[in-house]
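Below are the chains, spelled out letter by letter.
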Amino acid sequence: MFKTAGGLVALATVLLLAPSASAQPIEIEHAQGTTTLDAVPQSVMVTDWAAFDNLDALGIEVIEGVPASATPPYLAGRVPADAQAIGSLQEPDIEGIAAADPDLVIVASRSRTSYPMLSGIAPTIDLTVDNHDLIAGVEANITRLGAIFDREERAGELVAALDAKVEEARAAAEGKGTGLVIVTNAGRLGVYGPGSRVAWIYDALGVPSVFDDVDDSDHGGDAISFEYLLETNPDWLFVVDRDAGVGGEGAARALLDNDLIHETGFWQNDRIIYLDPAAAYVTMHGYSGLMVLLDQVIAGYEDAS
Amino acid sequence: MGVVVALTMMLAVASLFVGISDVSLSTLFGAGAHDRAMRVLLVSRIPRTAAILLAGSALAIAGLVMQIIVRNRFVEPSTAGTTESASLGFLVVTIFAPGWPLMAKMLVAAVFAFAGTALFLRILRFVPLRDVMLVPLVGIMLGGVIGAVTTFFAYRFDLLPSVLAWTIGDFSGVLRGRYELLWFGLAATILAYVAADRFTVAGLGRDVTTSLGLNYKAVMTFGLALVAVISSVTLVSVGSIPFLGLIVPNVVSLMVGDNMRITVPWVAALGALFVLLCDIVGRIVRYPYEIPIGVTVGVVGSAIFLYLLLRARGSRG
């Protein structure tokens, strides 16, 4: 009897200890190697808004450092008031991070070159996403963060919700014709093609593009003229309004409102979808941002039909 | 001169037929003529070609006027802080009064360009011996400082990509209704021609100018104003086109000498021709995408700039 009781106690002890099993060191594989964490991080510094977006979506509230600039408006209310500003998106404040001594630092696309430096200061992971398979990359990051912070279940829900939203957008776009993603900036136009930060519109949603090769070698996309839009005449135009992203509201619409564009089908049929500039241009690999964009795409297709 | 003008005219006509839309004599006037080709011609092609001719000639003239005022062959708006100042002005007005009409923004940019160039002239007073190499270096350093201020504020206000877009000259966005400010450049060019003799005299120095009965300060201020207006209208309309104002007047000087009455038409025509050529190349090389004019002119221009600098050093032994 006592033996059994002792056995039960032992079993109960094991069961009680089980949740803290994740306090065992865990190894995280990421874009620049493998990082070992001794326990669930209690203080995190992110050098990238997409990483913040994903942590926020997972409900993780131990973020103590965020980028100093370019806060996406859709995230602004979520940033802890006492979060430390740790440098620009491209150049994290290495000294500030070192002084704060966080349990985990997250770098990503824009800040990835500071990985060697930061990984010598604190456990650091690189969550850079390959734009050629953007949705899968974002989901892998959510799963990875879920494992680190012991939120596997929530991560699973987010991945499922994202998959469902992509499927919904895919269905909305199906059979609706070709599309083209452009960026407007200071009165000029650029096209975004495969491998760009918005390539998922072509890859994941299956929107047929109007071109075969766009080399998105610089951030603004390839420079094009209004004639390019007139001649390629996509059925749908997706616009990343870089000017609106910095406060010039509706700048892209004013820019497109001209005699040449009035000739195009997408203008005449009102098939222009203005994407959230911050989500498309700044975060692009964040869960909430992607959901915002997907909702805009779905709404755009549904409103027009 | 006749050859240059004829060549420019020929290229200008050719420029009307380079682009993505099908614009040719047959689509314009042929049997199956449709009004789309004509519309593209009127809305897109003619404005673009006009913008190129206006910006090219005006910027080259701005360089010529600056070189005479400063009495140094190696200055022009982009090597004297003028372009950077105009850019800063445009940024300031974009931040504080984004809703102002383009004309008002351009005026603010012009005021900044004027102030920046005046500052450059003031600094030059302290440059010993007016070393031929030192003058453009001082200008480039001043431009660097002003550019750093611009970058700082652009960064704080998340406007860096916009500033980058202004600073790279690009005609791809030119359409009817979006380049007309450049006609001010033509006005400035004509004024430069009218005042050519005064500038030539002022180029001889304060003492000579004053003894010939001219108001030296007034001539200088007028020259500065012309340069500021040209720099700011081109910056606001199409962006900055580096080195143009430097190489064209120098090449003309090698060809026909330094009498401004003679050189102004040459500089204007060659400036237009050079930009026209670079823009056509930029439109063709990566068709259907474009290479911004700032890049093509920058590549060719910096090579010629280096050649001119080394040549000057060589001739001084």
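Procedures and definitions
- Residues numbered from 1 in each chain as written.
- Chains lettered and ligands numbered in written order.
- Predicted model: local features only at pLDDT ≥ 70, side-chain atom pairs only at ≥ 80, totals over all residues.
- Heavy atoms only, no water.
- Core = buried A, V, L, I, M, F, W, Y, C linked by side-chain atoms within 4.5 Å.
- Buried < 20%, exposed > 50% of the residue type's maximum accessible area, 1.4 Å probe, protein only.
- Helix = DSSP H or I, 4+ residues; strand = E, 2+ residues; numbered from the N terminus.
- Contact = heavy atoms within 4.5 Å.
- Pairing = 2+ DSSP bridges.
- Expected span 1.5 Å × (residues − 1).
- Arc of directions from axis to C-beta.
- Salt bridge = Lys/Arg side-chain N within 4 Å of Asp/Glu carboxyl O.
- pLDDT = per-residue confidence, 0-100.
- Buried area = accessible area lost by both parts, 1.4 Å probe.
- Polar contact = N/O pair within 3.5 Å; in protein donor to acceptor, adjacent residues only side chain to side chain.
- Nonpolar A, V, L, I, M, F, W, Y, C, P; charged D, E, K, R; others polar.

Here we look at the nonpolar core
Within the largest apolar cluster, 95 residues are counted, with the highest numbers of intra-cluster contacts made by B:Phe120 and B:Phe171. Looking at this core element by element, the count peaks at 16 residues for helix 3 (residues 35–70) of chain B. Once you skip the residues sitting within four places of it in the chain, B:Phe120 turns out to touch B:Val70, B:Val75, B:Ala80, B:Val135, B:Val138, B:Gly139 and B:Leu142. In terms of nonpolar packing, the next biggest core, distinct from the first, is built from 94 residues, A:Leu58, A:Phe238, A:Val282 and B:Tyr289 among them.

Things to note about the pairing of strand 4 (residues 63–66) of chain A
Residues and elements named next belong to chain A. By the bridge criterion, two bridges tie strand 3 (residues 44–46) to strand 4 in an arrangement that is parallel. From the neighbouring strand, Val44 faces strand 4, where its bridge partner is Ile63. Where strand 4 lies against strand 5 (residues 84–85), two bridges are found, and the strand directions are parallel. Across the sheet, residue Gly65 finds its bridge partner in strand 5, namely Gln84.

Structural notes on helix 8 (residues 183–194) of chain B
Residue and element names in this part refer to chain B. For helix 8, which comprises 12 residues, the first-to-last C-alpha distance of 17 Å matches the rise-based estimate of 16 Å (1.5 Å per residue) to within 8%. Within helix 8 the residues assigned to the buried category are Gly185, Ala188, Thr189 and Ala192. Viewed along the axis of helix 8, the buried residues span an arc of 105 degrees, placing them on a single side of the element. Looking at the buried residues of helix 8, the elements they touch are helix 3, helix 9 (196–202), helix 11 (216–238) and helix 13 (260–284).

So, the pattern of salt bridges
All names here are of chain A. Using the criterion set out here, one finds 14 salt bridges over all chains in the structure. The residue Arg112 makes a salt bridge to Asp126 at a minimum N-O spacing of 3.4 Å. One end of the pair, Arg112, is in the loop between strand 6 (104–107) and helix 4 (115–119); the other, Asp126, is in strand 7 (residues 124–126), with 14 residues separating them in the sequence. We classify Arg112 as partly exposed; its relative accessible area is 31%. On the basis of relative accessible area, Asp126 is assigned to the buried category, the value being 1%.

Here we look at the confidence of the model for chain A
As a note on interpretation, predicted positions should not be read in detail where pLDDT is low. Mean pLDDT over chain A stands at 87; residues scoring 70 or higher make up 87%. In this model, residues 14–22 of chain A is a region of pLDDT below 50 whose contacts with residues beyond four sequence positions or in other chains number three contacts.

Structural notes on the pairing of strand 1 (residues 26–30) of chain A
Residue and element names in this part refer to chain A. The sheet contact formed by strand 1 and strand 2 (residues 33–37) spans five bridges and is antiparallel. For Glu27, the partnering residue across the bridge sits in strand 2 and is Thr36. Following strand 1, the chain reverses through two residues before pairing antiparallel with strand 2.

Some points on the interface of chain A and chain B
Size of an interface, as often reported, equals the accessible area lost when the parts are brought together. Across the boundary between the two partners, chain A contributes 30 residues, which contact 30 residues of chain B. A buried area of about 2600 Å², summed over both sides, lies between chain A and chain B, and 50% of it is on carbon and sulfur atoms. If you look at where chain A meets chain B, you find five salt bridges. In this structure, B:Arg36 and A:Glu231 form a salt bridge, with 3.2 Å as the shortest nitrogen-oxygen distance. Summed over the shared surface of chain A and chain B, the result is 13 residue pairs in polar contact (both at pLDDT 80 or more). Put simply, the parts of the chain that give the side of chain A that touches chain B at least two residues each are strand 9 (188–192), strand 10 (222–224) and helix 8 (226–232) of chain A. For the side of chain A that touches chain B, the element with the most residues is helix 8 of chain A, which contributes five residues. Class assignment of the residues belonging to the side of chain A that touches chain B gives a composition of 14 nonpolar, six polar and 10 charged.

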